[in-house]
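Next come the chains, spelled out residue by residue.
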Amino acid sequence: MIPPGVVVAVLLVLITSQVFYAALRYRRRAYLPVLLTTALGFGLGQLWDYLGLPSLNLGQANVLPAVVFALLLQPLARFVPRAGQEPKETVEQPPAT
């Protein structure tokens, strides 16, 4: 059985990443890096709660530090490598005769 806190945390990550993607205007970025940095921010927020520091919880999911960490990590989304972004090898063609 899946704990309710995991379901709430996953939904919060998805909703928050959509808000960040729509509201924060950075040039040329894809959704997947925004989603990954938001999930990392929520992971850091859970670590914050695990250490016993003050936080605002929604059920078992930590909200306030998680959103702050996710927001602070958003400028790093452009450095997340994506598949298909690597330069493709050029194939040399034989000279035309």
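Residues numbered from 1 in each chain as written. Predicted model: local features only at pLDDT ≥ 70, side-chain atom pairs only at ≥ 80, totals over all residues. Heavy atoms only, no water.

**Regarding the packing of helix H1 (residues 4-23) against helix H2 (residues 31-50)**
Each pair of packed helices gets described by two things: the angle between the helix axes and the distance between those axes. Put simply, the rule reads: Only C-alpha atoms enter the line fits that serve as axes; for helices the fit covers just the stretch in contact. Angles between N-to-C directions range over 0 to 180 degrees. The secondary structure listing takes helices from DSSP runs of H or I that are at least 4 residues long and strands from runs of E that are at least 2 residues long, numbered from the N terminus. Convention used here: angles under 35 degrees read as roughly parallel, angles over 145 as roughly antiparallel, angles from 65 to 115 as roughly perpendicular, and any remaining angle as oblique. If you view the pair so one helix is near and one far, a crossing is left-handed when the near helix is turned anticlockwise from the far one by less than a right angle, and right-handed when it is turned clockwise. Note on contacts: a residue pair is in contact if any heavy atoms of the two residues lie within 4.5 Å. The nonpolar class holds Ala, Val, Leu, Ile, Met, Phe, Trp, Tyr, Cys and Pro. Asp, Glu, Lys and Arg form the charged class, and all remaining residues, Gly among them, are polar.
Where H1 contacts H2, the two axes come as close as 9 Å, and the packing angle between them is 130°. As far as their axial angle goes, H2 and H1 are oblique. The chirality of how H1 crosses H2 is right-handed. Residue-level contacts link Leu-12, Val-13, Leu-14, Thr-16, Ser-17, Gln-18, Phe-20 and Tyr-21 of H1 to Tyr-31, Val-34, Leu-35, Thr-38, Ala-39 and Phe-42 of H2. Taken together, the residues of the contact of H1 with H2 sort by class into ten nonpolar, four polar and no charged.

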